[in-house]
Amino acid sequence: MRRIVFAALICILPALKTPCLAKGVGAAPQEHGVYRTYLLLHEVGSETYAVSPSGAGASVMTIASTLSDRGSTRAGNTTLTMGPGFAPTALEFRRDGAPAGETWSTRVGATSATIQEVAATRTMPRPATAYVGFPTMPAALQMMMMRYWKLHHEPASLPILRASEKALPLEIRRVGEDAITLPGRSRAQVRLTRYTVANLMFGREIVWMDTQGRLAALMTFAGGLPQEQILEAYRPAFEQLVRSGVRQEMSDLDALDQQVRPEATGAFAIVGARLIDGTGAAPIEDSVVVVRDGRITAAGVKGSVKLPPGLKIIHADGQSLLPGLWEMHSHYSGVEFGPALMAAGVTTARDCGGEFGFLTTVRGKIARENALGPRLLLAGLIDSGGPLGFGAVDAETPAQGVAAVDRYADAHFDQIKVYTQIKPDVLRAISAEAHRRGMTVTGHVPAAMDAFEGVADGMDQINHLQFVTRAMLPPENKGERGGEVDLASDRAKSLIALLKARQIVVDPTEGWGEMAGHPKTVHAASFEPGLDAAPFTLSSKFEALGGPIEEARFHERMQANGKVIDALYEAGVPIVAGSDTGLIGYGIDRELELYVQAGLPPIAAIQTATLGAARAMKLDRESGSVEVGKRADLVLVEGDPLTDISDLRRVVKVVRNGQLYDSRALGRSVGFNRTVSVVKVANR
């Protein structure tokens, strides 16, 4: 591969209207560019950069970023100072409107580097080769990182200077090339080199570099929600590069499959465990469950089940065996989600809004090839509102809503997920067409209505407890956030009665509300100990969450929400468990812990993530409980979750579609260090 050397010219093609940048020979002319930012393939912002000489072979890059997501705008400015050879000497980031004490900076001296990330500060010896960076790396900053990496002979690992010693070195790999055609160039092809970057954030980011040393585009499936950035000149190739990125993700999944192999397939028996079959029946101590060709062929107390000679035995004395868990509110944003979820015992996951091409491709690969990942159920996202909308599918009229439903139905999506800006007449059209096509409708209750009206207009399910609690408030408080709900009021009683009568499924996502809204004074690991096992790229992200809310008010809010959840359960309203964008895998455990704290019996909480979830998706005849003839989806844990629901965190083995995997091996493959130690979690 050609290498860029200090005296090389990084010359930009004239048709792309970018100047030629000389490196290492005299003063460098200015370089500048614009990146477009996409979230779920919907354009949400831009990034503008400029590089100017500052004397003696040094240069300064300034980056201005703006992101407008669902009516919320965030902006910030990054300044990178570089010496010869793109060597970083200083990096500073300032978020518009941030408090005075919120400082993000790195200073690299001759022998040491000092990094400050808000409250965390670290001074460390300067490595011979290293780069600078923060949790959210602008595309232009990554471009300079790639140039630096190439100039330093493409090391297998590149240390990144962070305020925590837990930050792992970056692993940059050249994985292929893409030939694209741009307008105005006589249809001539432009070749881009494709790389993957690990340890910058959770999962492997995909980066394309052109022959002039510019970052043409990047694509990350695993930063919470899928996001892309593309240099303005390459926008005509956006869809082509997204397709290439999906293919690369499948190649990455193949590598994970080779890394973690099943310990048992075909026929085997799990012997000695406490069987909690998910039906609500009393647990069976010292049980036997036989699996053959992906199905459960026998289940009962030891001695009542005959084991064929030579059958492989999995000994599980002192452990508990349950149905595989269902994660009912995921944003499945990369192939690394698969092993992370399976390691937590999740064997079925519902995606509630992702990218069409990636989701349909990875769903098919898991189903056809038994690739690592839970069985995926898909809810197709539809919103309105143009710039205020969420996702790439915008339905402003009933006809557009019907067309969107039909596209999802033709691709075998299981549900439609409606979002906040949908108008009432469009919701009615979407619901009618979805029901005609055999689909159900879930989602946010649109802003133009409340839960009463959403149900009347065809919603079968509701994502997030907030849409239920808001509708319980008096009409004069319609739309109010954080209002006190009186469960004894006629309005609250009427809503609960309606939800029960229509069997409207509620997906509270209470754990994500806790994680996103807890006070800064409360350490996230105190209620989510899974952070101690998570890779730094995830744990640092969640530990940075939280707000200025007072602890007393936070606890009051959590307790109030718990009372609503318990009231829904007692009334017979179907509840399913989902963690939204919470800590992958562990988020579902926290959700169930909160349900038990709210008053649900442990078995009832477990059913929200097993048989109850299967019923909500009309799949309970073939999944959701440990019964003969059903799909062999199982999770084996230390301890007894009927006594301590937190024992669900102590996963030992998981069986997905008849294949048995080791939980720790699955977790290790994507950076988790899972443990089966007893877990103590703070109550609210």
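Residues numbered from 1 in each chain as written. Predicted model: local features only at pLDDT ≥ 70, side-chain atom pairs only at ≥ 80, totals over all residues. Heavy atoms only, no water.

A. Here's a closer look at the overall build of the protein. The helix and strand tally for the protein stands at 16 helices and 33 strands. In terms of overall size, the protein behaves like a compact globule, its C-alpha atoms giving a radius of gyration of 26 Å where 684 residues would be expected to give roughly 26 Å. Within the protein, the proportion of its 684 residues that are buried is 57%. Put simply, of all contacts in the protein between residues at least 6 apart along the chain, 62% involve residues at least 24 apart. Taken as a whole, the protein presents about 26,200 Å² of accessible surface, with 52% of it coming from carbon and sulfur. The average position of the 72 basic charges and that of the 74 acidic charges among the side chains of the protein differ by 6 Å. (Helix = DSSP H or I, 4+ residues; strand = E, 2+ residues; numbered from the N terminus. Rg over C-alpha atoms; globule rule 2.2 N^0.38 Å. Buried < 20%, exposed > 50% of the residue type's maximum accessible area, 1.4 Å probe, protein only. Contact = heavy atoms within 4.5 Å. Areas by Shrake-Rupley, 256 points an atom, 1.4 Å probe, with all protein chains shown as cover. Lys, Arg positive; Asp, Glu negative; His and termini not counted. Charge placed at Lys NZ, Arg CZ, Asp CG, Glu CD.)

B. Structural detail: the side chain of Arg375. Checked against the element boundaries, Arg375 lands in strand β26 (residues 375-382). Residue classification places Arg375 among the buried positions, given a relative accessible area of 14%. A polar atom in the side chain of Arg375 sits 3.4 Å from the side chain of Thr348. Apart from residues lying up to four places away in sequence, Arg375 is in contact with Trp326, Thr347, Thr348, Ala349, Leu619, Glu622, Ser623, Arg631 and Asp633. (Polar contact = N/O pair within 3.5 Å; in protein donor to acceptor, adjacent residues only side chain to side chain.)

C. Layout of the nonpolar core. Core analysis: the biggest nonpolar cluster contains 165 residues, and Met61, Ile382 and Leu499 have the highest contact counts within it. Considering each element in turn, this core owes the most residues, 10 residues, to helix α1 (residues 139-151). The contact partners of Ile382, leaving out residues within four places of it in the chain, are Val393, Ala395, Gly401, Ala404, Val405, Tyr408, Ile416, Lys417, Val418, Tyr419, Ile422 and Ile430. Judged by nonpolar contacts, the second largest core, of 17 residues, contains Leu275, Val626, Val655 and Leu660. (Core = buried A, V, L, I, M, F, W, Y, C linked by side-chain atoms within 4.5 Å.)

D. Seen up close, the environment of Val485. Topologically, Val485 is positioned in the loop between α8 (466-472) and α9 (490-501). Here Val485 falls in the partly exposed class, since its relative accessible area comes to 24%. C-alpha of Val485 to C-alpha of Met439: the two residues are 46 residues apart in sequence and 32 Å apart in space. Setting aside chain neighbours within four positions, we find Val485 in contact with Thr469, Met472, Leu473 and Val564.

E. How the structure looks around the sheet that holds strand β18 (residues 267-271). Read from one edge of the open sheet, four strands run β21-β20-β18-β22, paired in mixed fashion. Of all the strands in the sheet, just β21 (295-301) and β22 (312-315) have a single pairing partner and so form its edges. Strand after strand, the sheet turns through a mean of 20° between neighbouring axes, direction not considered. Alignment of β18 against β22, held across four bridges, turns out to be parallel. Its bridge partner being in β22, Ile270 is matched across the sheet by Ile314. (Pairing = 2+ DSSP bridges. Axes fitted to C-alpha atoms, helices over the stretch in contact; angles between N-to-C directions.)

Geometric descriptors of this kind do not, in isolation, establish any biological role.
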